[in-house]
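# Coordinate analysis (summary)
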Amino acid sequence: QEQLVESGGGLVQAGGSLRLSCAASGRTFSSYHMGWFRQAPGKEREFVGGITWSGGSTYYTDSVKGRFTISRDNAKNTVYLQMNSLKPEDTAVYYCAARPITEIEYKYWGQGTQVTVSS
């Protein structure tokens, strides 16, 4: 079982940057693909991007390509979401999630961290 804890959210002006972190407590972090999701008020949860277990591949939803970067440090059991050129429409609660490499669904979720981008 993995416990995930996000941090790094906050209030930033449009055009600014934030880096979110997601720390995992288990001993098998490198056996999970990791994803970032977000949910804005009144909207459904949206996939932001993901990274494979080794960090060898990343993928993003179109709206954040070129602005957001996902990375991971398996030695630190941590995945990161670097967000640059933030826009007000990026305002949401951001969640990290873990998907066992043998499964197709994300199984473990963090509690979320609020990101607010002011115009």
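In what follows, the structure referred to is the one given above.
Everything quoted here is computed from the prediction, not taken from an experiment. (Residues numbered from 1 in each chain as written. Predicted model: local features only at pLDDT ≥ 70, side-chain atom pairs only at ≥ 80, totals over all residues. Heavy atoms only, no water.)

A separate point is the overall build of the chain. In terms of helices and strands, the chain carries zero helices and 11 strands. Once the C-alpha set of the chain is aligned to its principal axes, its extents read approximately 40 × 25 × 25 Å. Burial statistics for the chain: of 119 residues in total, 46% are counted as buried. Relative to all contacts within the chain whose residues are 6 or more apart in sequence, the contacts with residues 24 or more apart total 54%. Summed over its atoms, the accessible surface of the chain is roughly 6200 Å², and 47% of this surface lies on carbon and sulfur atoms. (Helix = DSSP H or I, 4+ residues; strand = E, 2+ residues; numbered from the N terminus. Buried < 20%, exposed > 50% of the residue type's maximum accessible area, 1.4 Å probe, protein only. Contact = heavy atoms within 4.5 Å. Areas by Shrake-Rupley, 256 points an atom, 1.4 Å probe, with all protein chains shown as cover.)

This part covers the sheet that holds strand β1 (residues 4-7). Across the sheet, which stays open at both edges, the four strands sit in the order β1-β3-β8-β7 with antiparallel pairing between neighbours. Either end of the sheet is taken by a strand with one partner, and the two such strands are β1 and β7 (68-73). Neighbour-to-neighbour, the strand axes of this sheet turn through a mean angle of 15°, independent of strand direction. (Pairing = 2+ DSSP bridges. Axes fitted to C-alpha atoms, helices over the stretch in contact; angles between N-to-C directions.)

Our focus in this paragraph is the pattern of salt bridges. Evaluation of the coordinates by the stated rule reveals five salt bridges. A salt bridge links Arg67 to Asp90, with the shortest nitrogen-to-oxygen separation between them at 2.7 Å. With Arg67 in the loop between β6 (58-60) and β7 and Asp90 in the loop between β8 (78-83) and β9 (92-100), the pair connects residues that are 23 residues apart, well separated along the chain. Note on Arg67: relative accessible area 11%, which makes it buried. (Salt bridge = Lys/Arg side-chain N within 4 Å of Asp/Glu carboxyl O.)

Time to look at the state of the cysteines. For the coordinates displayed, the defined rule picks out one disulfide. Here Cys22 pairs with Cys96 through a disulfide, and the sulfurs are 1.9 Å apart. One quick way to see it: the torsion about the S-S bond of Cys22 and Cys96 is about 55°, and its sign makes the bridge right-handed. Of this pair, Cys22 sits in strand β3 (residues 18-24) while Cys96 is found in strand β9, placing the two residues 74 residues apart along the sequence. (Disulfide = S-S within 2.5 Å.)

Along strand β4 (residues 32-39), seven of the eight residues are buried, which leaves the element largely enclosed by surrounding structure. Here β4 runs beside β9; their pairing, made up of eight bridges, is antiparallel. Looking at β9, one finds that Arg38 is bridged to Tyr94. Bridge analysis of β4 against strand β5 (residues 46-51) gives five bridges, and the strand direction is antiparallel.

To continue, consider the pairing of β1. Of the two faces of β1, the one lined by Leu4 and Glu6 is fully buried and the one lined by Val5 and Ser7 carries no buried residue. By the bridge criterion, four bridges tie β1 to β3 in an arrangement that is antiparallel. Its bridge partner being in β3, Val5 is matched across the sheet by Ala23.

On to the packing of aromatic side chains. Enumeration according to the criterion identifies six aromatic pairs in this entry. Ring geometry for Phe37 and Trp109: centres 4.7 Å apart, planes at 55°, overall tilted. Pair noted here: Phe37 is in strand β4 and Trp109 is in strand β10 (residues 108-109), with a separation of 72 residues, a long-range link. Phe37 gets classed as buried once you look at its relative accessible area, which sits at 10%. (Phe/Tyr/Trp six-rings, centres within 6.5 Å; stacked < 30°, edge-to-face > 60°.)

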